[in-house]
Amino acid sequence: MSGTRRSELWAQLTGLPVTLRFLLATSFFMPLASFMVLPFLAILLHERMGMAMGTVGLLLGVTSFLQFAGALGGGLVAERIGLKTTMVTGLAVRTSGFALFAAGLSVPRLAVVAVLLTAVGDALYSPANKAFVVGEVPEQHRPVLLSLNNSALSTGMALGTLISGVLIATWPLLVFTVVTAMFATLTLLHAVLLPRASATRPTAGGSRADWARAFLTPPALVAFVTAYVFWFFQNYLGVFVTAEHPAFVYSLALVVNSALVILGQPPAARWIGRVRYPVAVAVAFPAFTLGLLAFAQPGVPFVLAGTVLMSIGEGVIFLKNELEALAAVPGRPVLAVGSQRLALGLGSFTSGIAGGQLYAAAQSGGAAEDFWLYAGVQGLLAAGLVVLLTARPARRDRTPVPAHPSEGSGS
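Keep in mind that what you see is a predicted model, and the values were worked out from it rather than measured.

Procedures and definitions
- Residues numbered from 1 in each chain as written.
- Predicted model: local features only at pLDDT ≥ 70, side-chain atom pairs only at ≥ 80, totals over all residues.
- Heavy atoms only, no water.
- Helix = DSSP H or I, 4+ residues; strand = E, 2+ residues; numbered from the N terminus.
- Expected span 1.5 Å × (residues − 1).
- Buried < 20%, exposed > 50% of the residue type's maximum accessible area, 1.4 Å probe, protein only.
- Arc of directions from axis to C-beta.
- pLDDT = per-residue confidence, 0-100.
- Contact = heavy atoms within 4.5 Å.
- Phe/Tyr/Trp six-rings, centres within 6.5 Å; stacked < 30°, edge-to-face > 60°.
- Axes fitted to C-alpha atoms, helices over the stretch in contact; angles between N-to-C directions.
- Parallel < 35°, antiparallel > 145°, perpendicular 65-115°, else oblique.
- Left-handed = near helix turned anticlockwise from the far one by under 90°.
- Nonpolar A, V, L, I, M, F, W, Y, C, P; charged D, E, K, R; others polar.
- Salt bridge = Lys/Arg side-chain N within 4 Å of Asp/Glu carboxyl O.

Here we look at helix α8 (residues 172-193)
Here comes step 1: End to end, α8 covers 31 Å across 22 residues, agreeing with the expected 32 Å (1.5 Å per residue, within 8%).
Here comes step 2: For α8, the complete set of buried residues consists of Pro172, Val175, Phe176, Val179, Thr180, Phe183, Leu186, Thr187 and His190. The buried side chains of α8 occupy one side of the element, clustering within an arc of 130 degrees when seen end-on. Those residues of α8 that are exposed and angled more than 90 degrees off the buried face are Leu188 and Val192.

Section: the confidence of the model for the chain
Here comes step 1: Looking at the chain, the pLDDT average stands at 81 and 86% of residues meet or exceed 70.
Here comes step 2: Between the elements of the chain, mean pLDDT differs from a low of 54, seen in helix α1 (residues 3-14), to a high of 94, seen in helix α12 (residues 277-295).
Here comes step 3: Here residues 394-411 is modelled with pLDDT under 50, and outside its nearest four sequence neighbours on either side it reaches 37 contacts, counting other chains as well.

Some details on the environment of Pro143
Here comes step 1: Looking at where Pro143 falls in the secondary structure, it is placed in helix α7 (residues 142-170).
Here comes step 2: Relative accessible area serves as the criterion here: at 7%, Pro143 is assigned to the buried category.
Here comes step 3: Every residue in contact with Pro143, bar those within four places of it in the chain, is listed here: Ala269, Arg270, Gly273, Leu319 and Leu323.

A word on the packing of aromatic side chains
Here comes step 1: Counted by the stated rule, this structure contains 19 aromatic pairs.
Here comes step 2: Taking 5.4 Å as the distance between ring centres and 75 degrees as the angle between the ring planes, the aromatic pair formed by Phe230 and Phe318 counts as edge-to-face. Of the two residues, Phe230 sits in helix α10 (residues 218-244) while Phe318 sits in helix α13 (residues 300-328), which places them 88 residues apart along the sequence.
Here comes step 3: Here Phe230 falls in the buried class, since its relative accessible area comes to 1%.
Here comes step 4: Judged by centre distance (5.5 Å) and plane angle (85 degrees), the rings of Phe285 and Phe288 are edge-to-face. Of the two residues, Phe285 and Phe288 are both situated in helix α12; the distance of three residues between them amounts to about one turn of the helix.
Here comes step 5: Since its relative accessible area comes to 0%, Phe288 is described here as buried.

Re helix α3 (residues 41-48)
Here comes step 1: Those residues of α3 lying buried are Leu41, Leu44 and Leu45. In a view along the axis of α3, the buried residues occupy a sector of 90 degrees, so they form one face of it.
Here comes step 2: Just past α3, the residue Gly50 takes up positive phi, approximately 75 degrees.

Quick word on the environment of Ser147
Here comes step 1: Within the fold, Ser147 resides in helix α7.
Here comes step 2: With a relative accessible area of 0%, Ser147 lands in the buried category.
Here comes step 3: Along the primary structure Ser147 and Pro267 are separated by 120 residues, whereas in three dimensions their C-alpha atoms are 8.7 Å apart.
Here comes step 4: The residues contacting Ser147, other than those within four sequence positions of it, are Gln265, Pro266, Ala269 and Leu319.

Let's talk about the packing of helix α2 (residues 18-34) against helix α5 (residues 83-103)
Here comes step 1: Orientation of α2 relative to α5, taken along the N-to-C sense of each, is 20 degrees, at an axis distance of 13 Å. As the angle between them shows, α2 and α5 are arranged roughly parallel. Along this stretch, α2 crosses α5, giving a crossing that reads as left-handed. Along its contact with α2, which presents Leu23, Met30 and Ser34, the element α5 presents Met87, Leu91, Arg94 and Phe98.
Here comes step 2: Residue composition of the contact of α2 with α5, grouped by class: five nonpolar, one polar and one charged.

Topic: the pattern of salt bridges
Here comes step 1: Inspection of every chain in the model, using the stated rule, returns four salt bridges.
Here comes step 2: Linking Lys130 and Glu322 is a salt bridge whose minimum nitrogen-to-oxygen distance equals 2.7 Å. Note that Lys130 is positioned in helix α6 (residues 108-135) and Glu322 in helix α13, a separation of 192 residues in sequence.
Here comes step 3: Close ionic contact of Lys320 with Glu324 constitutes a salt bridge, the shortest N to O distance being 3.7 Å. Within this pair, Lys320 and its partner Glu324 are both found in helix α13, separated by four residues, close to a single helical turn.
Here comes step 4: Owing to a relative accessible area of 10%, Glu324 belongs among the buried residues under this scheme.
Here comes step 5: One salt-bridge network, in which partners are shared between bridges, spans Arg94, Asp122 and Arg341.

Here you go:
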């Protein structure tokens, strides 16, 4: 990042209201705490509690679906009771989930309830949080703010896993106690620092049209296709790489992916926000396709090259989809965020099912690398589909977005 670009980002960050700076910090500390636990749940549930792997897989699948699809319900709750109230409630639910896990580390039934509570808490918190963030700045500043929010999230996820990697196997009670304390503190800080906000109900008569724009226009459909293609990389690169190379290679790929998104997206955010949707698609989906095909080639350089290409596509299209979703439903950011998370959840779920079958087919043929050829072909087909979806953007309602949707009129 150039010195000028870095100075501009720093000036924008320090010029933000205190509440926004607090929420950006929260975007780091929440995933830091969560990912001290979440990546290790399968190990704890299976090895410590003796839960069958089939049951573990089903529980984690339901949890993931609740986090993504439940965000739509969380958004509707936020429109009714207000953004601050929904965020505090979501954090309180997550805190209770981690506390229950700490209290019942040897009781599988309590662990199941605890895992589901953490998912419900996230489904409540996430859409309200993002709606509050984007509502506090003019539309032209959204790309940079959302990219900073995403970078904070990715950084917290990476560091949380790193910090807890050794501790959780030996002292799981300590880790869960620390995580519970962190979430309890965040809950209190949200209750004290955020301004009271009333509900943000939609204007009369606009609800049906808003739902159509949220779910039946390119942002949601492209988000579904994006998740379907990208989750081949998320779900199956580790299995593939560790079968052919030392685990260090996979760790290096994850570091490269995180670093490129964390450091690359903020300086590119203004361009991503300004560029037309078809151009963003023309950058992201060829990068996805070439990245998937690169993994089919032997050697560590191709693993890293594929990771770089996937990271470029990720950095561009996920942010662009989010911005387009917000623009498609002016004045209802929680509905926009909820529709995006639902689309991503359905896409990742579909990708997991299809990817498992394709990987099994490639392995049965004796060439696991063929999986990436299958995935690459689908990436190419997906590129053609999203070009068609975005070639003629739907007309948008240009009703001005309130400067502070968190301060809606309510009733």
